[in-house]
Protein chains: 2
Amino acid sequence: MNTSHPDEPDVTGQATGETPGQTTGEDVTAELARLRDSIDNIDAAVVHMLAERFKCTQQVGHLKARHQLPPADPSREARQIARLRQLAENAKLDPAFAEKLLNFIIAEVIRHHETIAAGEE
Amino acid sequence: MNTSHPDEPDVTGQATGETPGQTTGEDVTAELARLRDSIDNIDAAVVHMLAERFKCTQQVGHLKARHQLPPADPSREARQIARLRQLAENAKLDPAFAEKLLNFIIAEVIRHHETIAAGEE
């Protein structure tokens, strides 16, 4: 499919005698509902992936606290960001957005690590 | 905490004289690597899910632009947030974090929608 072409070519404007490319109000509502269902499914998947991710980072946090390792790890983070930017580019996701998102998640993780470290001091 | 502190830390220094139940420096390194591999796998999955999500929201953006619907939709967003908070709670992910994350993603989506709308005006 041509991604630069505005959407879903098969909505049923043709069936109701509309000019090609137009949709009826009902079609628009149905199409919007279809897309939103997909978005909701993806969001549920992401929430569950992130729940699993925090389980991993909680374990990292306990490991670091027990061995007096610093909560943040700039060289690891730099490698993660470079890798994610590349993955994003391959997946046609804005690499700048992927980087901002990872930083957002890492900030939360570091907060958790600090809490864990404070608790284990 | 000193975030400017570089590592991977040399965890092997702590291998000696540890109390039972503690891991050796080598174990710590291996365990950290194992957890980080999982985190990297999850991040790759999330990047690909979000790439797919933006494909959906781009279609929503074109649909909205073509039918002069507003880029933002506060009632839809309120429903999404309530649902995601519930999903997060069930998955033992901090609901406040899930909400912040969704807002972060939605802000990006709305920027995209505005760009699309400007292009189709």
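Just so you know, the residues in each chain are numbered from 1, in the order the chain's sequence is written. The naming scheme follows written order: chains are lettered A onward, ligands numbered 1 onward. Owing to the predicted nature of the model, reporting of local features is limited to residues with pLDDT of at least 70; listing and counting of side-chain atom pairs is limited to 80 or more, with chain, interface and lining totals taken over all residues. Hydrogen atoms and water are omitted, and side-chain values are computed over all heavy atoms in the structure.

To continue, consider the overall build of chain A. The secondary structure listing takes helices from DSSP runs of H or I that are at least 4 residues long and strands from runs of E that are at least 2 residues long, numbered from the N terminus. Looking only at helices and strands, chain A features three helices and zero strands. Reading chain A from its N end, one meets helices and strands in the order α-α-α. Between buried and exposed lies partly exposed: a residue is buried under 20% and exposed over 50% of the maximum accessible area for its type, with that area taken using a 1.4 Å probe on protein chains only. Residues counted as buried form 46% of the 121 residues belonging to chain A. Nonlocal contacts in chain A, meaning residues at least 24 apart in sequence, comprise 53% of its contacts between residues at least 6 apart. Per element, the accessible surface of chain A, about 6300 Å² overall, is 55% carbon and sulfur. Contacts are residue-level and defined by heavy atoms, with any inter-residue pair within 4.5 Å sufficient. In these tables, accessible area is a Shrake-Rupley quantity obtained with a 1.4 Å probe, and a residue counts as shielded only by the protein chains included in the view.

UniProt positions are given in the numbering used here, feature names are shortened, and annotations may be inferred rather than shown by experiment. The positions that UniProt labels "domain: Chorismate mutase" (unreviewed entry) are, in the present scheme, residues 26-117 of chain A. Along residues 26-117 of chain A the backbone is 88% helical and 0% strand, and the end-to-end C-alpha distance reaches 55 Å.

Let us look at helix H3 (residues 95-120) of chain B. A turn of α-helix holds 3.6 residues, and therefore any two residues three or four places apart point the same way. Residue and element names in this part refer to chain B. Taking 1.5 Å per residue, 26 residues should reach 38 Å; H3 reaches 37 Å between its end C-alpha atoms and fits that length. Within H3 the residues assigned to the buried category are Pro95, Phe97, Ala98, Leu101, Leu102, Ile105, Ile106, Glu108, Val109, Ile110, His113 and Ile116. We define a polar contact as two N or O atoms separated by no more than 3.5 Å, with the added condition that, inside protein, one atom must be a possible hydrogen donor and the other a possible acceptor, whereas residues neighbouring each other in sequence contribute only through side-chain atom pairs. The N-cap of H3, judged by a side-chain oxygen 3.1 Å from the amide nitrogen of alanine 96 a few residues on, is aspartate 94. Take the residue count of a helix, subtract one, and multiply by 1.5 Å to get its expected span.

Moving on, we get to the pattern of salt bridges. Definition used for salt bridges: Asp or Glu carboxyl oxygen within 4 Å of a side-chain nitrogen of Lys or Arg. One pass over the full model with this rule turns up 16 salt bridges over all chains. One salt bridge connects glutamate 108 of chain B with lysine 100 of chain A, and the closest N-O pair in it is separated by 3.5 Å. Remark: lysine 100 of chain A occurs in helix H3 (residues 95-120) and glutamate 108 of chain B occurs in helix H3; the pair is interchain, linking two chains. Assessed through its relative accessible area of 37%, lysine 100 of chain A is described here as partly exposed. Taken together, the shared-partner salt bridges connect Lys100 of chain A together with Glu108 and Arg111 of chain B into one network.

Superposing copies: least-squares fit, C-alpha atoms only, residues required to have pLDDT of at least 70 in both. With an RMSD of 0.1 Å, the fit of chain B onto chain A corresponds to turning through 180° and sliding 0.0 Å along the axis. One copy is carried onto the other by what is essentially a two-fold rotation axis. In terms of proximity to the rotation axis, the leading residue of chain B is valine 46 of chain B, whose C-alpha is 3.0 Å off the axis. Here 84% of the interface residues in chain B have copies in chain A that are interface residues too; the copies meet face to matching face.

Inspection of the secondary structure assignment puts asparagine 103 of chain A in helix H3. Residues asparagine 103 of chain A and glutamate 77 of chain A lie 26 residues apart in sequence; the distance between their C-alpha atoms is 8.6 Å.

Next up on the list: the nonpolar core. Here, nonpolar core refers to any group of buried Ala, Val, Leu, Ile, Met, Phe, Trp, Tyr and Cys residues whose side-chain atoms link them within 4.5 Å. Counting 58 residues, the largest nonpolar core has Leu93 of chain A together with Leu93 of chain B as its most contacted members. Within the residue set of this core, elements represented by two or more residues are helix H1 (25-66), helix H2 (74-90) and H3 of chain A together with helix H1 (25-66), helix H2 (74-90) and H3 of chain B. With sequence-adjacent residues up to four places away left out, leucine 93 of chain A is seen in contact with Ala88 and Ala98 of chain A together with Val47, Leu50, Ala51 and Phe54 of chain B.

With that settled, the discussion passes to the interface of chain B and chain A. With 64 residues of chain B in contact, the opposing surface of chain A contributes 63 residues. The contact between chain B and chain A buries some 6100 Å² in all, and 70% of this surface belongs to carbon and sulfur atoms. Joining chain B to chain A, the criterion identifies eight salt bridges. The interface formed by chain B and chain A holds eight residue pairs in polar contact (both at pLDDT 80 or more) in total. Taken together, the elements giving at least two residues each to the side of chain B that touches chain A come down to H1, H2 and H3 of chain B. Residues of the side of chain B that touches chain A, tallied by class, amount to 30 nonpolar, 13 polar and 21 charged. Summed over both partners, the accessible area (1.4 Å probe) lost when two parts come together is defined as the buried area. By the convention adopted, Pro, Cys, Tyr, Trp, Phe, Met, Ile, Leu, Val and Ala count as nonpolar, Lys, Arg, Asp and Glu as charged, and the other residues, Gly among them, as polar.

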